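# Working through the structure, step by step
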Amino acid sequence: MHLPNLLSVRFTEALKAFVDDPAPFASMIRATNDPKFGDYQANCAMPLSKQIGKNPRELATEIVASLDVNEFCEPPEIAGPGFINLRLKDSFLMQSLRDMLADERCLVSIADPKRKIIVDFSSPNVAKPMHVGHIRSTVIGDAIARTLAFLGHDVLTDNHLGDWGTQFGIIIYGYKHFGDPDQVAKNPVPELASLYRLVNQLIEYRKAKRSSQELPTQLAEAKAEVVTAEQTLQNAGDPKSQKSAKKSVASAKKKLDSLETQAESLREKIDSVESNPALLAQANAHPEVASAVLQETVKLHQGDAENLELWTKFLPYCKDEINRIYNRLNVTFDYTLGESFYHSMLGPVVEDLEKRGLASDSEGAVCVFLDEFNAPMIVRKKDGAFLYATTDIATLKYRLEEFNPDEILYVVDSRQSEHFEKLFAVARKIGMEDVKMVHVNFGTVLGENGKPLKTRSGTLIGLEGLLDDAVDRAREVVCNPERIEKIDPPMDDEERELVAQTVGISAIKYADLSHHRTSDYSFSLDKMVALEGNTAAYVQYAYARTQGILRKAGMTESEVTAIDADLSEFTHPAERALAIKLLRFEEALASVHQDYAPNALVDYLYETAKAYAVFNDNCHVLKAESEAITSLRLALVALTGRVIRVALSLLGIRVVARM
Ligand code: ARG
C-alpha cells in the first residue's frame, strides 16, 4: 500500500478538467510533519495556478470540489496559499490494519512489470586482507538486492572479485622470495596475508622514499602561497576583493594541510621500515620490488606455468578468507564471477572494439576515445596487458548475452566514478543503450578524527577485528548483568551469545546504512552499539518488546488476526500515529529503489520504532479499557513486530526475541 500513489490516482482524475497532462501535478503529495495539517498534503494548486493563470486558493477550492477521496480521507481542507490538507479516515486506517494482519508482505505490492536487475557488489580484491572500506559495498549492495527482490524484481547478485590483478603478483613475489612453503601449507590464510603485507610495505616504502624527495619543494611552495594569499587579504580594500582573498587564503591553507598530511603519512611509511633493521635489510635487498611484482602479474596473465600453479593454489585460500566474513555478515551471492573468469575474453573484446572502429592505436596502446572525456579509455597497454576497464567491458558483454538484464547496478566507491562514466559511454557506443546502468557510488569510512580509518601502524583496520570489537561492545552494552538480570526467565549463555553476536554485527551494518551512501561517515563503535538513538539495537529492542507483549498475551504474531469489528476509531493519538507509520512501509521501500539508497529504510525504521515507544508508554495493551481496544493494540504490536522484522531483514539484519 502506497498511500500517496492511491491519492494521486484520484488527483489525476480531478485535475483532468484543468490540465492536459495532470500526472506531474497529481504526484505532488507529501507526508506532513505536523498532524495539524493532516497526514498528507497536496501541493499541486500553486504551481498549476501559475501555469493556467488562476488564483491558487480558488483553484485549490475547485480541485477539491471535483476530488473524490471520500473512501480514504475526511473532507480535504485548504490552507495557506492553496495547500490541500488530507486527513486519513480512522475507519480507512482501521480497515487497512485488518488487511495488513492477513498479509505477510505487510501490504507491499509486487512490482509490475518486474525488471531483471543485476547487482554487482562487494567485489573485493582478494589476496589482501579485507578492511573496513569493503564493508560499504557489501552491506549497501546486499540491502539494495534484498529490497529490490522483495519488491518483486528479478534480482541477480554478482560478486565481481578482483582475483586476477596485481595483488596476486604481490603474493607470488612474496612467496617466491620470503615464503616458507611449510608454513604456507600449514597456515595458508594468515601466512599469505602477512606475505601480502610485507611486500606491500616494501613497495610503499620505495614509493614513499621517491615522493619524499619532491615533497620539501612542494611544501615550501604551498607555504609561500599561503603567505602571498594572506598579504593579498591584508591589502584588499573593498568587500568583494576581501571575500575573494579570503577564499584564496582558505584554499591555500587547505592545500598546505593536505600536503602536510601526505608528508606525515610518507614519514610513517618510511619510519615503519627504517626503524626495523631486518625490514630495512629486506627493503635494500629488493629495490625494484614494484616492477618485479608487475612482472610476476604479467607472467601470470601470459600463462606462465609456475605462477598459474601458485595462483590456482592460493585462490581457494583467499576465497575461504572472504567467505568467513560473508558468513558472519550473512551475505550471499548468486554468482561470483571474478575478473579471472573473463580473462580469455579480453583479447577478442579489444579486437571487436577495433573492428567496430571504436578503438584505435595510440603510442602503442589501444584506446577508446570518447568525446565527453579528456583522457581516452585504455583497453590494452603498450606491453600487451589488459586493464580493469577491459575486464569491465567483457563483463558487460557477458552479462548481456547470458542474462539479458534491464538494469545493472555497480555498488562501488565514489572514487571510481570516472571509470564508470567511461564504461557506460562505451556501452552506449556498442549499442547497449537499452540497459539502465547505474554507478551506485558511496563515500569513505572515516575515523572519529574525520580522517580515513587507520590503525596506529597506518594500515587500514581489518574487517574481522572490527566485527569482533563490535560483538564485544554489544556484549558489554546489551548483555551487562544489570540489564540481563531483569529478563525473565533468565537467559542462558547460549542466548546471551546469540544476542551479542546479532546486535554487534547489526550495529555495524545499520550504522553504515543509516548514512546516505554518498556521504562519508565517522566510524564510532560507541555510537553504533548504543541502545538509544538511531541504532540497530534501538530498533531491535523495539522488536523484542513487541515479542514480550505477545508472549504475555500467550499469542504468536500470526495468531493475532482480528481487530474487533465494532472498532472504527482510535482511542489514543499514539495508536493512530503508529498505524500510519506501519502503513507507510511501501513508501520507504519505494524511496530505497528510487535513489538506490537504503538509508530511507533505516530512517523509516527509526521513525517506526520511536512511534512504537510512544505507543508503549501511553497505551496499555493487555489491561486496556475494553477488549475491543485490546484487540486493536495487540494488532498494532503484532504488526509493528512484523514490519520491523521484515524491514530489518531487507537490510540484512536479524532480530532476537528477547534482549
Ligand atoms: N575490485 C574492485 C575494487 O576493489 C571493485 C570492482 C567493482 N565492480 C566492477 N564491475 N568493476 O576496487
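Refer to the structure above for everything that follows.
We now turn to the structure provided with this report. For clarity, every value in this text was computed on a predicted model and none was experimentally measured. (Residues numbered from 1 in each chain as written. Predicted model: local features only at pLDDT ≥ 70, side-chain atom pairs only at ≥ 80, totals over all residues. Heavy atoms only, no water.)

### A look at helix α3 (residues 45-52)
Helical geometry note: an α-helix holds 3.6 residues per turn, so side chains three or four residues apart project in the same direction. To keep it simple, the criterion reads: Buried means the residue's accessible area, taken with a 1.4 Å probe over protein chains only, is under 20% of the maximum for its type, while exposed means over 50%, and partly exposed covers the values in between. In DSSP terms, a helix is any run of H or I states spanning at least four residues, a strand is any run of E spanning at least two, and both are numbered starting from the N terminus. The arc in question is the one spanned by the directions pointing from the helix axis to the C-beta atoms. Here, residues are in contact when the closest pair of their heavy atoms is within 4.5 Å.
Among the residues of α3, those classed as buried are Ala45, Met46, Leu48 and Ser49. Down the axis of α3, the buried side of the element spans an arc of 165°, and every buried residue falls inside it. The exposed set on the far side of α3, more than 90 degrees from its buried face, consists of Lys50 and Gln51. Looking at the buried residues of α3, the elements they touch are α1 (3-15), α2 (23-26), α4 (56-65) and β4 (83-86).

### Some thoughts on the layout of surface pockets
Keep this limit in mind: A 1.4 Å probe that fits but cannot get out identifies a cavity on a 1 Å grid over protein atoms alone, an open set with protein on both sides within 12 Å along at least five of seven lines counts as a pocket, and a residue lines either if it has an atom within 4 Å of a point. Grid points are joined across faces, edges and corners, and a volume is the space filled by probe spheres set on the points. Polar here means any residue other than Ala, Val, Leu, Ile, Met, Phe, Trp, Tyr, Cys and Pro, which are nonpolar, and Asp, Glu, Lys and Arg, which are charged; Gly is therefore polar.
As a volume, the second largest pocket reaches approximately 770 Å³. Counting residues per element, the lining of the second largest pocket draws most heavily on helix α21 (residues 536-553), which supplies 7 residues. For the lining of the second largest pocket, the residue count by class is 10 nonpolar, 4 polar and 9 charged.

### A look at helix α22 (residues 573-583)
For α22, the tally of buried residues reaches 8 of 11 residues, placing the bulk of the element in the interior. Tucked inside the fold, the buried residues of α22 contact α1, α5 (90-101), α23 (585-595), α24 (599-618) and α25 (627-650).

### Remarks on the sheet that holds strand β1 (residues 29-31)
Stated formally: Pairing between strands is defined by DSSP: at least two bridges between them are needed. Every axis in this analysis is a line fitted to C-alpha atoms, fitted for helices over the stretch in contact. Angles between the N-to-C directions lie between 0 and 180 degrees.
Spatial strand order, β1-β2-β4-β3: 4 strands in an open sheet with antiparallel pairing. Here the strands that pair on one side only, and so sit at the sheet edges, are β1 and β3 (77-79). For this sheet, the mean inter-axis angle between neighbouring strands, taken without regard to orientation, is 30°. Looking at chain direction, β1 and strand β2 (residues 40-42) are connected through 3 bridges and run antiparallel. Its bridge partner lying in β2, Ala31 is registered against Tyr40.

### Points about empty space enclosed by the protein
Applying the stated rule across the entire model yields 2 cavities of 30 Å³ or more. Taken together, Val126, Ala127, Lys128, Pro129, Pro188, Val189, Leu192, Ala193, Tyr317, Cys318, Glu321 and Ile322 make up the full set of residues lining the largest cavity. Secondary structure elements with two or more residues in the lining of the largest cavity: α9 (188-235) and α13 (305-329). Partitioning the lining of the largest cavity into residue classes produces 10 nonpolar, no polar and 2 charged. By volume, the second largest cavity amounts to about 30 Å³. Contributing to the lining of the second largest cavity are Ile140, Asp512, Leu513, His515, His516, Arg517, Ala597, Pro598 and Asn599. Tallied by class, the residues present in the lining of the second largest cavity amount to 4 nonpolar, 3 polar and 2 charged.

### A closer look at the nonpolar core
Quick note on the threshold: Put simply, a nonpolar core is a bunch of buried Ala, Val, Leu, Ile, Met, Phe, Trp, Tyr and Cys residues held in one set by side-chain atoms that sit within 4.5 Å of each other.
With 189 residues, the main nonpolar core has Phe11, Leu15, Ile63, Phe168, Phe523, Phe585 and Leu601 as its most contacted residues. Ranked by the residues each element gives to this core, the list is headed by α25, at 14 residues. Not counting residues up to four positions away in its chain, the partners in contact with Phe168 are Val126, Ala127, Gly162, Asp163, Leu300, Trp311, Phe314, Leu315 and Cys318. One finds Leu156, Leu396, Phe403 and Leu423 within the second-largest nonpolar core, a separate group that totals 35 residues.

### With respect to the packing of aromatic side chains
Formally: We call Phe, Tyr and Trp rings a pair once their centres come within 6.5 Å, taking the six-membered ring for Trp, and we label the pair stacked below 30 degrees between planes, edge-to-face above 60, and tilted otherwise. By definition, being over a ring means that NZ of Lys or CZ of Arg is both within 6 Å of the ring centre and within 35 degrees of the ring normal.
Inspection of every chain in the model, using the stated rule, returns 18 aromatic pairs. Their ring planes at 35° and their centres at 5.9 Å tell us that Tyr612 and Phe615 sit as a pair that is tilted. A residue pair is termed a helical-turn pair when its members lie 3 or 4 positions apart in one helix, as Tyr612 and Phe615 do in helix α24 at 3 residues. Accessibility classification places Tyr612 together with Phe615 in one group, the buried group. Among the aromatic residues, ring-to-ring pairing joins Tyr335, Phe341, Tyr342, Tyr398 and Phe403 into one connected group. Across the ring face of Phe150, the terminal group of Arg105 is positioned such that the distance to the ring centre comes to 4.4 Å.

### Observations regarding the sheet that holds strand β7 (residues 359-362)
The strand order across the open sheet built from 3 strands is β7-β8-β9, with neighbouring strands paired in antiparallel fashion. The sheet is open, and its two borders are formed by β7 and β9 (377-380), each paired with just one other strand. For this sheet, the mean angle separating the axes of adjacent strands, direction not counted, is 45°. Examined bridge by bridge, strand β8 (residues 365-368) and β9 share 3 bridges and lie antiparallel to one another.

### Some points on the site of the ligand
Using the following cut-off: A single heavy atom is enough: if one lies within 4 Å of a molecule or strand, its residue is considered near that molecule or strand. We define a polar contact as two N or O atoms separated by no more than 3.5 Å, with the added condition that, inside protein, one atom must be a possible hydrogen donor and the other a possible acceptor, whereas residues neighbouring each other in sequence contribute only through side-chain atom pairs. Only the protein chains shown count as cover for residues, and the accessible areas themselves come from Shrake-Rupley with a 1.4 Å probe.
Near the ligand the following residues occur: Asp120, Ser123, Asn125, His160, Tyr388, Asp392, Tyr410, Val412, Gln416 and Phe420. The contact in question runs from an oxygen atom of the ligand to an N or O atom on the side chain of Gln416, over 2.8 Å. The fraction of the free accessible surface of the ligand (350 Å²) that becomes covered by protein chains is 88%. Secondary-structure elements contributing two or more residues to the shell around the ligand are α15 (388-403) and β10 (407-413). Residues of the shell around the ligand, tallied by class, amount to 4 nonpolar, 4 polar and 2 charged.

### A short note on the side chain of Thr390
With respect to the helices and strands, the residue Thr390 is situated in helix α15. Here Thr390 is in contact with Leu346, Val349, Val350, Ile378 and Val379, once residues within four sequence places are set aside.

### Topic: the packing of α3 against α4
For any two helices packed against each other, the geometry is given by the interaxial angle and the distance between the axes. The condition that has to hold: Here roughly perpendicular refers to angles of 65 to 115 degrees, roughly parallel to angles under 35, roughly antiparallel to angles over 145, and oblique to all remaining angles.
Where α3 contacts α4, the two axes come as close as 9 Å, and the packing angle between them is 110°. Between α3 and α4, the crossing angle belongs to the class labelled roughly perpendicular. In this structure, α3 contributes Ala45, Met46, Leu48, Ser49 and Ile52 to the contact, and α4 contributes Pro56, Leu59, Ala60 and Ile63. Tallied by class, residues from the contact of α3 with α4 come to 8 nonpolar, 1 polar and no charged.

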